[in-house]
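Examining the three-dimensional arrangement
In case you want the letters, here they are:
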Amino acid sequence: MAAGSGCCLRPFSCELGPLSRPDGSAAFLQGDTSVLAALYGPAEAKGNRELPERAALEVVLRPKVGLPGVGERSREQLLRQTCEAVLLGRLHPRCSVSLVLQVLGDAGSLLSCCLNAACMGLLDAGLPLGSLFCGVACALQPNGSLVLDPTTRQEQEARAVLTFAIDSAEKKVLMASTKGTCSMEEMQQCIAAAQNAADTIFQFYRDSIRRRYSKS
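The structure contained in this document is the topic of the report that follows.

What counts as what
- Residues numbered from 1 in each chain as written.
- Predicted model: local features only at pLDDT ≥ 70, side-chain atom pairs only at ≥ 80, totals over all residues.
- Heavy atoms only, no water.
- Phe/Tyr/Trp six-rings, centres within 6.5 Å; stacked < 30°, edge-to-face > 60°.
- Helix = DSSP H or I, 4+ residues; strand = E, 2+ residues; numbered from the N terminus.
- Buried < 20%, exposed > 50% of the residue type's maximum accessible area, 1.4 Å probe, protein only.
- Pairing = 2+ DSSP bridges.
- Axes fitted to C-alpha atoms, helices over the stretch in contact; angles between N-to-C directions.
- Contact = heavy atoms within 4.5 Å.
- Right-handed = clockwise from strand over helix to strand, strands pointing away.

This part covers the packing of aromatic side chains. Overall, the coordinates contain four aromatic pairs when judged by the stated rule. Considering the side-chain rings of Phe-28 and Phe-204, the 5.8 Å spacing of their centres and the 85 degrees angle between planes classify their relative orientation as edge-to-face. Of the two residues, Phe-28 sits in strand β2 (residues 24–30) while Phe-204 sits in helix α4 (residues 184–214), which places them 176 residues apart along the sequence. Exposure class is identical for Phe-28 and Phe-204. Each is buried.

So this is what it looks like as structure tokens:
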């Protein structure tokens, strides 16, 4: 499978703490795809949401326009699965944590942008994490080339789009989402490309945090 000219990430930008009311927030931009994340908690869990041994995590994804549909519900589950893998919820039993993600623009690789916004929001809220995570999307084109961080058009032209959540500690795959068909070998090559790209994203995280806390 050829690497092609698309094995690079679109420009990133991130603003930490753009909202004053939540306990943590982050606006994350990948190319023209942008997501705003707001974190609330830990707070006292209400009613049947209370878990005796750990914090209960709720994830809500709001589309740019209209009401949430099946696509949003599916992404919410993947986002919750990823966040629960790193959030040290046992430190806050019987509490609730709410993550609200608002899509501001979708120009491709939306789930990966949501993952990155979620991680930066968790960091801004100061929640205890076992590791960081990032999202990387890969598109397999009909000619076999691989495109990282694809645009909407590249996703539409692809025969498969794969999104991975990669952890910062061991580069493990915390979550994988696949749309379309690919071989096992192609999936492994996409995972390797995503793990390599994760280094760039984690460095961007570090730079963003450094800039935030170096301001006087």
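Attention shifts here to the sheet that holds strand β5 (residues 95–105). In space, the five strands of this open sheet follow the order β1-β2-β3-β5-β4, with mixed pairing throughout. Of all strands in the sheet, those with a lone pairing partner are β1 (12–16) and β4 (56–62), marking the two edges. In this sheet, adjacent strand axes meet at a mean angle of 15 degrees when their direction is disregarded. With respect to the sheet, helix α2 (residues 110–125) is in contact with β1, β2, β3 (33–44), β4 and β5, its orientation differing from that of β2 by roughly 150 degrees. The strands touched by α4 within the sheet are β1 and β2, with β1 carrying the most contacts at an inclination of about 40 degrees.

A separate point is the pairing of β4. In this structure, β4 lies alongside β5, joined through seven bridges in parallel fashion. Following the sheet pairing, Arg-62 is matched in β5 by Gln-102. Considered for its hand, the β-α-β crossover made up of β4, helix α1 (residues 70–86) and β5 is left-handed.

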